[in-house]
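Here is how the chains run, residue by residue.
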Amino acid sequence: SWKYVLKEKAADMTHVLQFPYNGEPPGDRLVSTEITRNEDFFVRNHGGVPEIDPEKFYLDIEGLVNNPKRLTLADLQNEELFPRQTNVVSLQCSGTRRLEQIHQYPGDGDELINAPWAEGAIGAARWTGVSLKKVIKYCGGLKDGAMHVELFGADTYFKKGKVYNYVVSVPWRKVKINEVLLAWEMNGEPLPKLHGFPLRAVVFGYIGARSCKWLYKIRGIKDPSEAPVQRKEYLYYTPQIGKQNAMYSNGFSIQDMPVSSAIISPKDMDVITHDGKIKLKGWAYSGGGHWPIRVEVSPDGGAIWYEVPTENMSTKYYYAWRLWEIDLPLDPEGWLEFCVRTWDNALNTQPTYVRSAWNWDLHVTSSCHRIKIYSVN
Ligand code: MTE
Ligand code: MO
């Protein structure tokens with residue numbers, strides 16, 4: 001992976017795990033552009049980066065489809081066969097802001113799964129490809145009883161002495177509404193190797209884990225995939241479940257990302273000299289077909305809230321985050337706790353404290369993001 005990290009990524013990424021490679025960008029660049037530059041986009045890998053020759057590449061469509069087919073990249077890119085689709089879509093890892101949960105209580109501690117992310121395992125890109133729905137239609141549609149599609153990545157990872165492929169599944173009802181894209185372009189460039197070259201899935205509004213990279217096979221199936229990534233990882237356990245009673249069967253499989261947000265500037269523990277005014281910047285996102293409509297920040301841990309003016313929020317792309325900024329009046333000196341909460345268009349908002357978001361595998365830290373700063377007025 002390092003060959004590609006050096007080639008494709010900004011030099012100052014935070015390397016959250018060295019192998020498998022996981023990295024996130026520094027905060028100032030995370031919120032500097034509403035479409036994240038490819039070199040700044042977070043990377044989340046379970047294993048290595050497979051070498052795929054695009055000339056020899058095939059995508060196999062099989063399982064419970066009426067006419068199984070083998071397609072080349074040229075087939076997928078042939079606009080006589082498939083209309084091209086471009087969408088601005090955010091990917092967010094369900095581990096974003098995991099550090100806040102780790103600071104409460106470290107939970108499962110499986111490092112392969114539980115990368116210690118800060119606020120940067122999210123970004124937005126302009127993805128180009130074809131809707132998976134059109135590809136399945138081209139194969140005569142799914143057979144009766146097929147309710148899910150299984151996505152196979154060409155990378156492998158080790159766990160407890162065994163080698164696995166990266167395999168996940170997505171329900172057909174998600175595919176049917178054109179919210180699963182098979183993408184070969186990221187921001188107008190061929191997919192970078194680290195992001196799944198030559199082909200990946202992009203599943204809008206779901207946790208990043210379902211957006212399978214290095215995609216080479218798709219199967220129509222009846223029930224969700226039995227593969228370990230689908231069955232055993234990305235489970236949400238209620239707070240009373242821990243070391244003594246965690247079983248795969250009592251975790252929920254996480255699909256939609258809930259509404260969440262973060263303050264990126266200033267940074268936790270910054271000392272800020274100001275003349276009665278301070279600028280906050282951050283991101284806000286909601287998955288599951290929702291989008292942020294209202295962002296509020298508090299300078300005192302949540303007693304008084306200021307609403308971010310809508311004109312200070314970036315474009316409303318329906319499947320992407322919105323960046324925001326606000327100038328807050330600020331009198332007090334000393335340590336202050338700033339926090340942010342976002343509302344989406346279904347009027348969902350965020351839990352107040354991280355304690356109520358805590359779960360054994362430390363996924364979806366959706367609580368109000370809180371930072372401490374030292375104010376010098
Ligand atoms: N696909 C494959 N084949 N292997 C992986 O390890 N990681 C998943 C997903 N797709 C992964 C994968 C996870 S957990 C996330 S959050 C996203 O890819 C991250 O996408 P990115 O690395 O392009 O940012
Ligand atoms: Mo992820």
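1. Overview of the sheet that holds strand β21 (residues 322–329)
Across the sheet, which stays open at both edges, the three strands sit in the order β16-β18-β21 with antiparallel pairing between neighbours. The open sheet has two free edges, formed respectively by β16 (260–265) and β21, since each of these has just one partner strand. Averaged over neighbouring strand pairs, the angle between their axes works out to 30° when direction is ignored.

2. Description of the pattern of salt bridges
Applying the stated criterion to the full structure yields 18 salt bridges. With a shortest N-O distance of 2.5 Å, arginine 231 and glutamate 226 are connected by a salt bridge. For arginine 231, a relative accessible area of 41% gives the class partly exposed. We classify glutamate 226 as exposed; its relative accessible area is 57%.

3. Examining the domain arrangement of the protein chain
Partitioning the protein chain into structural domains gives domain 1 (2–253) and domain 2 (260–376). The C-alpha-based centres of domain 1 and domain 2 are spaced at 27 Å. At the interface, 45 residues of domain 1 touch 34 residues of domain 2. Looking at the side of domain 1 facing domain 2, the largest losses of area belong to Glu34, Arg97 and Gln101, adding up to 20% of the total buried there.

4. So, the nonpolar core
Counting 62 residues, the largest nonpolar core has Leu76, Leu132, Leu151, Ile218 and Trp283 as the members making the most contacts within it. Two domains each put at least three residues into this core: domain 1 (2–253) and domain 2 (260–376). Those residues in contact with leucine 151, other than ones at most four positions away along the chain, are Leu132, Tyr166, Val167, Val168, Val170, Ala201, Arg210, Cys212, Leu215, Lys217 and Ile218. In this structure, Leu17, Phe41, Ala121 and Leu191 belong to the second largest nonpolar core, which totals 19 residues.

5. A short note on the state of the cysteines
A complete count under the given rule lists zero disulfides for this structure. Between cysteine 212, a free cysteine, and cysteine 93, which holds the nearest cysteine sulfur, the sulfur-to-sulfur gap is 14 Å. Of the cysteine sulfurs around cysteine 368, a residue in no disulfide, the closest is that of cysteine 339, at 5.5 Å. With a relative accessible area of 3%, cysteine 368 lands in the buried category.

6. Quick word on the packing of aromatic side chains
As enumerated under the stated definition, the model contains twelve aromatic pairs in all. The interplanar angle of 55° and the centroid separation of 5.7 Å between the aromatic rings of tyrosine 105 and tryptophan 358 together place this pair among those described as tilted. Here the residue tyrosine 105 occupies a position in the loop between α4 (98–104) and β7 (122–131), and tryptophan 358 occupies one in the loop between β22 (334–344) and β23 (369–376), the gap between them amounting to 253 residues. Residue tryptophan 358 is classed as buried on the basis of its relative accessible area of 10%. Here a set of aromatic residues connected by ring pairs shows up, and it is made of Phe41, Phe42, Trp117 and Trp127. One cation-aromatic arrangement involves lysine 69 over tyrosine 138; the distance from NZ or CZ to the ring centre is 5.0 Å. Sitting over the ring of phenylalanine 152, lysine 217 keeps its end group 4.3 Å from the ring centre.

7. Side note on unusual backbone geometry
In this chain, phenylalanine 19 is followed by proline 20 through a cis amide linkage whose omega measures -5°. Structurally, proline 20 can be placed in the loop between β1 (14–17) and β2 (22–24). Going from phenylalanine 197 to proline 198, the amide bond is cis rather than trans, its omega being 5°. By secondary structure assignment, the location of proline 198 is in the loop between β11 (189–190) and β12 (200–203). Even without a glycine there, the phi angle at lysine 160 is positive, about 45°. As for its position among the elements, lysine 160 is in the loop between β8 (148–159) and β9 (162–171).

So, how was this worked out
- Residues numbered from 1 in each chain as written.
- Chains lettered and ligands numbered in written order.
- Predicted model: local features only at pLDDT ≥ 70, side-chain atom pairs only at ≥ 80, totals over all residues.
- Heavy atoms only, no water.
- Pairing = 2+ DSSP bridges.
- Helix = DSSP H or I, 4+ residues; strand = E, 2+ residues; numbered from the N terminus.
- Axes fitted to C-alpha atoms, helices over the stretch in contact; angles between N-to-C directions.
- Salt bridge = Lys/Arg side-chain N within 4 Å of Asp/Glu carboxyl O.
- Buried < 20%, exposed > 50% of the residue type's maximum accessible area, 1.4 Å probe, protein only.
- Domains from an automatic or database assignment.
- Contact = heavy atoms within 4.5 Å.
- Buried area = accessible area lost by both parts, 1.4 Å probe.
- Core = buried A, V, L, I, M, F, W, Y, C linked by side-chain atoms within 4.5 Å.
- Disulfide = S-S within 2.5 Å.
- Phe/Tyr/Trp six-rings, centres within 6.5 Å; stacked < 30°, edge-to-face > 60°.
- Lys NZ or Arg CZ within 6 Å of the ring centre and 35° of its normal.

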